[in-house]
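Residue-level structure breakdown
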Amino acid sequence: MLPRAVAAGVTVAAVARGAWAIAAVCLVIALIGAPELYARGGYTAFPVVSVLAVVAMLAALVALVIRPSLLTIVLYLVVGSAGVYLFLHGVLDGHTSLLPSALVLINRPEVALVLVGTAGHRPMPAVFWGIGGFLAGAGVTVLVCAQLAIPIELGNAPALALANYCAAFLGLSLIQRAQRTRVPDYLQLRDQARQIEIARGIENRSVALLHDTVLNDLALIINGPEQLDGRMTARMLADVQTMSDSNILAEVPTAEVLDAGDAALRNLVMAIVSDFQWRGLNVEVTGDTGAEFRMAPEVVAAAAGALRASLENILAHSGAESAEIIVSLSNTAATWTVNDSGKGFDISAIGADRLGLRSSVFGRVESVGGTVKVWSAPGNGTSVLFSLPIMLAPSGSEATLDDAHAKAGPTDA
Amino acid sequence: MRRAWTRSPQEVDPLSWFAGPRVPILFSGAAVAQGIVIVTLYWDQWSSVLLQFLAMPFFLAAGLTTSANTQPNRRQFAPHHAAIALLLAVGGLLVSALGTSGGTLPVTQWWTGIAVAATLASLAPYSSAVQMIVYSIPATLVTGFVGLAVFAPLEHFWSPTALTVISLGPVLIGAVCGTVFSYTVVDKTLALLDTSVGSEESFLKVDPAAPSEQLGSIARVSARVAPFLAGVANAGRITPSDRALAAQIARRLRTELVSVTSRSWLDVVAHETGMVVSDPGRLADRMNESQRAALRGLLVTALENSVVDRSTVLIELRAQPDGSTAVALSIDVDLPEGRRLVLLAPYYLTLKMTVDDLSWDNGENMLVRFRIPPGQ
């Protein structure tokens, strides 16, 4: 089962691909339908520039599908705006009588411009890009109408497309928000079940201990001689000592709330994020970003090091321009999921000499009792999820920024 | 990647589709809302506005049908479920066509193509890419033919081919989008699942200073015993009153110890929550870790909700002749079915992944039954 954050990213990518497929259909309809309309109307030859404009839009769309990134989105919007202008101008110049009847056909490129999608894992940027595409298309249409001195005819289709497109991504955003609050975290439920089992194991060991010590001593008092010999006395005192050592005599403490206070890691994460943003990787941190918990200094160092190494890998190898860090917290562990929508890789094909993930993430995290899981496949981006134990009770071993900086050291990405 | 064509998104990641059952209702609602706007804007150009409004419930019914058939407590969404939704949509299309034919509406403003497309697209999360293609072909052809029949006598600007393409355009778009969506989700999810590396283990810490409530009770008894034992040992002799007190403490401690050792994990949950467990054979301990996690999630969520009377929650486990364990959970929930589903469906889905023959009978007393296979 995929972690929720990874599954959410897959869903966003699928909706974006659906939008691109519709955009492609719209462009093909324009490419085939508009010349047919010309031929049927007995007009002069269909302008080559309009055909080339749509072909250029299709090429930009293919680039976006193959390599979704900020660059290809911007490229699609720029090429698309120019394409809509050239297509409209070419089709309508001298043939303004086509309006308004043919509007449904000649505004197809404008509809395609709305369906720009997103290169990331989150739905909301897609909404903003869609609105950008709609405004660009509308602006270009107004410009063409003004140049050709014809009434402005935007048609319903781009607005309808924008409404449906935004509804799809907004709906997805709401569903994902609802999932975060309502859908159980299966892995957390499993951990709780394990904790109950461990607690039962402790209980059973305690029962065995009491049976072997206290109950035997009580039986001795009930049935033994009036005068205790030295061996009996020593055994009873030893049993009392054993109970004290095993902590079984401790009163049940009230549950202690995890203490706030470890701002060191948060500051460190922010410093790492800022560093990578300066280096050209747009990093977004979401999830339990305000959560407070304590970790041992060496664990903080491992978290910071693994985070840095994961981002370093994205910058060096993925080709992605953005990454998302999702922080989540359970009673026993803090988990970071680092997502990118880059080119991904075949994990089984990594050579033994590649130390990036193996030592900088796996080695570092596992050395302090943490776990790492990586999902990646060519063309499907990469998700690195690592969990590290948090301390159950506050203590004086709070990590400091300096400790963590000192231990994080250089990465080997 | 043949599996990416033949499996549905819901199959490859059921938990991520918890909110899925609402999607068809949202889709059909949005399509009908657009229909209302278009019908109103072109009020005088329909041959019958009444028939347009009569067509709308067909699409809503299609969405509701799909939604009902994709509820977590239903069996897997099947092609005949999709066929019912699509037939309802085609019914709406025909009613709308009757109310459009003979009017003056431009073909480009016929709203029913969008509604059929919405019905088709809403099937995507629960259907494989191949199924989406199969559903799309008749839906697209019927819409195209009906569009041509209705608008050919009315429209002179467009050729018959163009009229057909314009009529079926929205359905074609819905079909392409739905198919691409289904394929992409399955393809990406399977690719990521197949190639993931790393440990799934996580950390477990049980604070030794925080034993369970039951163990605390033992600890309290034991805490009284320690000074008593130390006192007797230090005195070096046993008095009659020592013997009487020792017998009293021993009885109580033995009762506590027997209670602890005879409890299953489910008894621990019952002890914490107040529900009633009937498990004479201690069959709960046959459940594996995943089943325990899922069932505990369902129980705790139900018991923590104020509308559930804790004392009415009863879970019974009985051994079956084939070695399996039958489990029945009954809960009095004072909630309508929809809200009950919202509350418990995610946990139900989690449980569904781990046990056999899970069923959910709704009524005043909600009854969840399942079977734990033998040999676990």
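Residues numbered from 1 in each chain as written. Chains lettered and ligands numbered in written order. Predicted model: local features only at pLDDT ≥ 70, side-chain atom pairs only at ≥ 80, totals over all residues.

A few words on the overall build of chain A. Counting its secondary structure elements, chain A contains 13 helices and five strands. The burial tally for chain A puts 48% of its 413 residues in the buried class. Across chain A, every contact between residues at least 6 apart in sequence was considered, and the portion connecting residues at least 24 apart equals 79%. (Helix = DSSP H or I, 4+ residues; strand = E, 2+ residues; numbered from the N terminus. Buried ≥ 20, exposed ≤ 12 C-beta atoms within 10 Å, placed from the backbone. Contact = placed C-beta atoms within 7 Å.)

Attention now goes to the overall build of chain B. In terms of helices and strands, chain B carries 13 helices and six strands. Taken over 376 residues, chain B has a buried fraction of 49%. Within chain B, contacts between residues at least 6 apart in sequence are counted, and of these 75% link residues at least 24 apart.

Attention shifts here to the sheet that holds strand β2 (residues 276-278) of chain B. Residue and element names in this part refer to chain B. Taken together, five strands build an open sheet; the order of strands is β2-β3-β4-β6-β5 and the sheet is mixed. Each end of this open sheet is capped by a strand with a single partner; those strands are β2 and β5 (356-361). Neighbour-to-neighbour, the strand axes of this sheet turn through a mean angle of 10°, independent of strand direction. (Pairing = 2+ DSSP bridges. Axes fitted to C-alpha atoms, helices over the stretch in contact; angles between N-to-C directions.)

Let's shift gears to the packing of helix α5 (residues 79-100) of chain B against helix α7 (residues 129-151) of chain B. All names here are of chain B. Across the interface, α5 lies against α7 with an axial gap of 11 Å and an inter-helix angle of 10°. With respect to α7, the element α5 is oriented roughly parallel. Mapping the contact onto sequence places P79, A82, L86, V90, L93, L94, A97 and T100 in α5 and Q131, Y135, A139, V142, T143, V146 and V150 in α7. Residues of the contact of α5 with α7, tallied by class, amount to twelve nonpolar, three polar and no charged. (Parallel < 35°, antiparallel > 145°, perpendicular 65-115°, else oblique. Nonpolar A, V, L, I, M, F, W, Y, C, P; charged D, E, K, R; others polar.)

All names here are of chain A. An ideal rise of 1.5 Å per residue puts 56 Å on 38 residues; helix α1 (residues 4-41) measures up with 55 Å between its terminal C-alpha atoms. Extensive coverage of α1 is indicated by the burial of 28 of its 38 residues. Residue G42 follows α1 closely and has a positive phi angle near 70°. (Expected span 1.5 Å × (residues − 1).)

Residues and elements named next belong to chain B. Compared with the 30 Å implied by 1.5 Å per residue over 21 residues, the 31 Å span of helix α4 (residues 49-69) between its first and last C-alpha is a close match. By the burial criterion, the buried members of α4 are Q52, A55, M56, F58, F59, A62, G63, T65, T66, S67 and N69. Taken together, the buried residues of α4 touch α3 (23-41), α5 and α6 (112-121).

On to the nonpolar core, then. Counting 168 residues, the largest nonpolar core has I22, L115 and A303 of chain A together with A89 of chain B as the members making the most contacts within it. The leading source of residues in this core is α1 of chain A, at 22 residues. Aside from chain neighbours lying at most four places away, what touches L115 of chain A is A19, W20, I22, A23, A161 and Y165 of chain A. Counting residues in hydrophobic clusters, the runner-up holds 37 residues, among them V268, M275, L295 and I315 of chain B. (Core = buried A, V, L, I, M, F, W, Y, C linked by C-beta atoms within 7 Å.)

Here the focus is the confidence of the model for chain A. Residue and element names in this part refer to chain A. Per-residue pLDDT for chain A has a mean of 79; in total, 82% of the residues score no lower than 70. Helix α13 (residues 401-408) is the least confidently modelled element of chain A, averaging 43 in pLDDT, while helix α5 (residues 108-114) averages 95, the highest of any element. Confidence drops under a pLDDT of 50 for residues 249-262, and excluding neighbours within four residues, the segment shows 33 contacts in the predicted structure. Long-range and interchain partners of residues 393-413, a stretch whose pLDDT sits below 50, account for 54 contacts in this model, where long-range means more than four residues apart. (pLDDT = per-residue confidence, 0-100.)

Here we come to the environment of M353 of chain B. Here M353 of chain B shows up in the loop between α13 (337-352) and β5. Note: C-alpha distance between M353 of chain B and P14 of chain B (339 residues apart in sequence) is 8.3 Å.

Before going further, it helps to spend a moment on the environment of I25 of chain B. All names here are of chain B. Here I25 lies in helix α3. Distance in space between the C-alpha atoms of I25 and S67 is 6.4 Å, their sequence separation being 42 residues. Those residues within four positions of I25 in sequence are excluded, and the remaining contacts are G63, L64 and S67.

Residue and element names in this part refer to chain A. Contact geometry for helix α2 (residues 48-66) and helix α3 (residues 70-92): axes closest at 8 Å, N-to-C directions at 165°. With respect to α3, the axis of α2 lies roughly antiparallel. Once α2 is placed against α3, the crossing between them reads as left-handed. Of the residues in α3, those in contact with V49, S50, A53, V54, A56, M57, A60, L61, A63 and L64 of α2 are T72, I73, L75, Y76, V79, G80, G83, L86, F87, G90 and V91. In terms of residue class, the contact of α2 with α3 is made up of 16 nonpolar, five polar and no charged. (Left-handed = near helix turned anticlockwise from the far one by under 90°.)

A few words now on the confidence of the model for chain B. Residues and elements named next belong to chain B. Across chain B, pLDDT averages 83, with 87% of residues at or above 70. Element-level mean pLDDT values for chain B span from 58 in strand β1 (residues 197-198) up to 96 in α5. Under a pLDDT of 50 for its full length, residues 200-211 has, in the predicted model, 34 contacts with residues more than four places off or in other chains. The complex prediction reports pTM at 0.69, with the ipTM value standing at 0.71.

Residues and elements named next belong to chain B. Because side chains alternate across strand β4 (residues 325-332), one face comprises the buried residues T325, V327, L329 and I331, and the other comprises A326, A328, S330 and D332, none of which is buried. Examined bridge by bridge, strand β3 (residues 314-319) and β4 share six bridges and lie antiparallel to one another. Looking at β4, one finds that I315 is bridged to L329. As defined by bridge partners, β4 adjoins strand β6 (residues 365-372) across eight bridges and the pair is classed as antiparallel.

Quick look at the pairing of strand β5 (residues 382-389) of chain A now. All names here are of chain A. Extensive coverage of β5 is indicated by the burial of seven of its eight residues. Bridging between strand β3 (residues 333-340) and β5 involves eight bridges; their strand directions are antiparallel. The residue bridging D340 from the neighbouring strand is T382, located in β5. Relative to β5, strand β4 (residues 371-376) runs antiparallel, the two being bridged by six bridges. Counterpart to V372 in the pairing with β5 is F386. Between β4 and the antiparallel strand that follows it, β5, lie five residues; G379 among them carries a positive phi value of about 85°.

Below, the discussion takes up the environment of T382 of chain A. All names here are of chain A. Along the chain, T382 turns up in strand β5. In this structure, the C-alpha to C-alpha distance between T382 and I314, residues 68 residues apart in sequence, is 8.5 Å. Not counting chain neighbours up to four residues away, the residues in contact with T382 comprise S318, D340, G342, G344, F345, V374 and S376.

Turning to unusual backbone geometry, a few remarks are in order. The backbone phi angle of A149 of chain A is positive, close to 55°, even though this residue is not glycine. The residue A149 of chain A is located in the loop between α6 (124-147) and α7 (157-182) in this model. According to the C-beta neighbour criterion, A149 of chain A is exposed, with 7 such atoms within 10 Å. One non-glycine residue, R282 of chain B, lies in positive phi territory at about 50°. Take R282 of chain B: it is sitting in the loop between β2 and α12 (289-304).

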